[in-house]
Amino acid sequence: MTLACALLRTPRILGAGLAASIVGGLGVAGCFVDSEGLPPPVEGLYFPSGIAASPGGRVLYVANSDFDLQFNGGTVQALDLQRLRRRALGLQASLNPPEAGAGASVSAACDAAGLGLNAAPLLYPGPCGPLDISTLDGDEEIVRRSAVIGAFASNLVLVHRPLDESAATEGPLARLFVPVRGDPSVTFFDVADDRTDAPAAQRCEGDACFQLDCGATATGGRCARDHRIGEDPGQERIRRKLPLEPFGIAAGPDGRSIVVSHQVENIASVIVNPWENVETIGTRPQLAGVLTDLASGPTELAAVPPPRLVSRLRAQAKAIDYQPTFALTYVAAPQLDLIRYQETAHPAPALLFQSTATRISALASGSDSRGVAVDASERQACEAGCGDDDLECLARCAAIPIQVFVAHRYPNSLLIGELTTTLIEREPTESEGRWAAAYETIAIRDAAPLAAYPSRVEVGDVIGADGARHRRVFALAFDSGLAFSYDPEARRIDGVIRTGRGPQALAFDTGHTCGAEKERCDCSPGDDACEPYSLMYIAHFTDSYLGVVDLDMRKANTFGSMILTVGKPVPPRESQ
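These numbers come from a predicted model, not from an experiment. (Residues numbered from 1 in each chain as written. Predicted model: local features only at pLDDT ≥ 70, side-chain atom pairs only at ≥ 80, totals over all residues. Heavy atoms only, no water.)

A. The arrangement of the sheet that holds strand β17 (residues 351-359) in detail. Ordered in space as β14-β15-β16-β17, the four strands form an open sheet in which the pairing is antiparallel. Only two strands of the sheet have a single partner each, and these edge strands are β14 (298-304) and β17. Each adjacent strand pair in this sheet contributes to an overall mean axis angle of 25°, direction not counted. (Pairing = 2+ DSSP bridges. Helix = DSSP H or I, 4+ residues; strand = E, 2+ residues; numbered from the N terminus. Axes fitted to C-alpha atoms, helices over the stretch in contact; angles between N-to-C directions.)

Listed below in structure tokens is the structure:
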């Protein structure tokens, strides 16, 4: 057992500083043994490190890391997002009475929700006490499915199979991928599809929405070895084990390529996820390629949405050279990379290559970048106005830059940049079409100051005073216990949200509800029964709970604050 591993197994050592360093990617691997210790709690949260909301608003997936190794593994849980939403919006309504000038009774609102007043506001902010999800069952149950994985899960990503009217629907429609540093592996789950806006989608119903299949024999059981990608080099496409310290993860636009960063070895790897049955490998995801000799400390990844022009050209059998692209940050190098993935014929390794390395020179240091997110909403709005066969219109839209945002330290700031797509034209031919290739380049244009120390960044929507959605960028500062809201249109920080200790990951639940029961529904804005909402879920690593933040500007009493604590906060052993 290594010294670091021994320290992790020693009581009363888990302080905030140690948590920050290990969560930031400086932890150790190779010391986890899944046959030792007690089974992890499957009904509660324990050092949550990644969350994702299903697109149809049914499920909130949570990865728990078992950071202090008190148990023999971490967990992945499928939470009932509809039940959480109903509680959060009910509390929001109670704290924002509709009568003009009416005061909100916080005590009455919390009592009506069955929570009581917040007795520990310094531990977890918000008006009310926590919702102890481990005690709920029946129609109130929140944790609907769970499974046991290895220790030190760092994140998760949810992907969906692309569907059209003629697509076959055999095999999985959605998958969840979780990088697990203690194995090391990437554990995958077949999960339910609750999409409503995808052609030919088969939306799940009832309990089927909480599918969490990783080969475990029962809910709460341990995931099977054949769902842990990279553990058995004999089954993998490139015949080698997954490199150490899988940390950041992102999925290509069609969910067929999953790219993972590995901090210790300065490596990135790619997993091929074949939705359709492939005779040589079936439908099992496989480690397919490794990119070595990267700069020091590759950390977080974000997939770059491809121009719609690319998919339309391919649909018309017109060749264009374009590879899925991913933005990659580093904790120990002053640069931001674009890396690309190119599939090759089985059994040859897939090609993962470094396309562009952009030096971060907008700041004095430039080193220590963490989370990265991209926003292609302006380009996609343009593309939505083009017909499928209007390639010239799609080419004009492809010229609109994609915004990129990076959480950076030393100095603490949000970096703002642009991803630009370049289209290369070929000599005119009737069969091949006008465009031969397309690729992206990146440039950092600006920076906004943040508190210490920013870690994750994501793009979401708030509900404005006009009832419409407005884009915001949210950056979490792990050590400061703050979340920052950046308005990309006004180009300024427009809000600071106080969180609990160690905000680590976030996800958004934005849509419309219908009726008094606050059920999510598909409706047309302007309908009397159609009410927009937006909630942000923050995973608090240090004290093991989720916080729900109100993102509706029309709710003056609660906007930009935490209104519900999900899970009973548990201070780390050193603090108890």
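B. Just the packing of helix α6 (residues 377-384) against helix α7 (residues 391-398), in detail. Where α6 contacts α7, the axes come no closer than 9 Å and their chain directions differ by 170°. With respect to α7, the axis of α6 lies roughly antiparallel. Contacts between α6 and α7 involve Arg379, Cys382 and Glu383 on the former and, on the latter, Leu394, Cys397 and Ala398. Split into classes, the residues belonging to the contact of α6 with α7 amount to four nonpolar, no polar and two charged. (Parallel < 35°, antiparallel > 145°, perpendicular 65-115°, else oblique. Contact = heavy atoms within 4.5 Å. Nonpolar A, V, L, I, M, F, W, Y, C, P; charged D, E, K, R; others polar.)

C. Representation of the side chain of Ser485 within the structure. Here Ser485 is to be found in strand β24 (residues 482-487). By relative accessible area, which is 7% here, Ser485 ends up buried. Among the polar contacts made by the side chain of Ser485, one reaches the side chain of Asp494 at a distance of 2.7 Å. (Buried < 20%, exposed > 50% of the residue type's maximum accessible area, 1.4 Å probe, protein only. Polar contact = N/O pair within 3.5 Å; in protein donor to acceptor, adjacent residues only side chain to side chain.)

D. Structural detail: the state of the cysteines. Using the criterion set out here, one finds six disulfides in the structure. One disulfide in the model links Cys110 with Cys128; its S-S distance is 2.0 Å. Between Cys110 and Cys128 the sulfur-sulfur dihedral comes to about -80°; the bridge is accordingly left-handed. With Cys110 in helix α4 (residues 106-112) and Cys128 in the loop between α4 and β4 (143-149), this residue pair connects regions lying 18 residues apart in the sequence. As far as burial versus exposure is concerned, Cys110 and Cys128 are alike and both buried. A sulfur-sulfur distance of 2.1 Å marks the disulfide that ties Cys204 to Cys209. For the disulfide bridge between Cys204 and Cys209, the dihedral angle about the S-S bond is near 105°, and by the sign convention the bridge is right-handed. Residue classification places Cys204 among the buried residues on the basis of a relative accessible area of 8%. According to the relative accessible area criterion, Cys209 is buried, its value standing at 2%. (Disulfide = S-S within 2.5 Å.)

E. Examining the pattern of salt bridges more closely. Inspection of the entire model under this criterion finds 33 salt bridges. Among the salt bridges present, the one from Asp80 reaches Arg83, with a minimum N-O distance of 3.2 Å. For the pair shown, Asp80 and Arg83 are each scored as buried. With its nearest N and O atoms 2.7 Å apart, the salt bridge here joins Asp494 to Arg472. Separated by 22 residues along the polypeptide, Asp494 in strand β25 (residues 492-498) and Arg472 in strand β23 (residues 469-477) bring together distant segments of the chain. With relative accessibility at 29%, the residue Asp494 sits in the partly exposed group. Overlapping salt bridges bring together Asp80, Arg83, Arg144 and Asp207 as one network. (Salt bridge = Lys/Arg side-chain N within 4 Å of Asp/Glu carboxyl O.)

F. Representation of the pairing of β25. Judged from the six bridges that link them, β24 and β25 form a sheet pairing that is antiparallel. When the sheet's bridge partners are listed, Ser485 is paired in β25 with Gly495.

G. Quick look at the pairing of strand β12 (residues 267-272). Among the six residues that make up β12, six are buried, leaving the element largely enclosed by the rest of the structure. Bridge analysis of strand β11 (residues 257-262) against β12 gives six bridges, and the strand direction is antiparallel. Within the sheet, the bridge partner assigned to Ile258 lies in β12 and is Ile271. Between β11 and β12, which pair antiparallel and follow one another directly, the connecting turn spans four residues, one of which, Asn266, has a positive phi of 55°. The sheet contact formed by β12 and strand β13 (residues 286-291) spans five bridges and is antiparallel. From the neighbouring strand, Val272 faces β13, where its bridge partner is Gln286.

H. Main features of the sheet that holds β23. Taken in spatial order, the four strands make up an open sheet running β22-β23-β24-β25, and their pairing is antiparallel. Each having just a single partner strand, β22 (454-463) and β25 make up the two edges of the open sheet. Averaged over neighbouring strand pairs, the angle between their axes works out to 25° when direction is ignored.

I. Representation of the environment of Ala384 within the structure. In this structure, Ala384 sits in helix α6. Ala384 sits ten residues away from Leu394 along the chain, and the two C-alpha atoms are 9.1 Å apart.

J. Unusual backbone geometry, seen in detail. The peptide bond linking Tyr410 to Pro411 adopts the cis configuration, its omega dihedral lying at -5°. Inspection of the secondary structure puts Pro411 in the loop between β19 (402-408) and β20 (413-425). Within the chain, Asp66 stands out as a residue other than glycine whose phi angle is a positive 50°. Position of Asp66 relative to the elements: it lies in the loop between β2 (59-64) and β3 (74-80).

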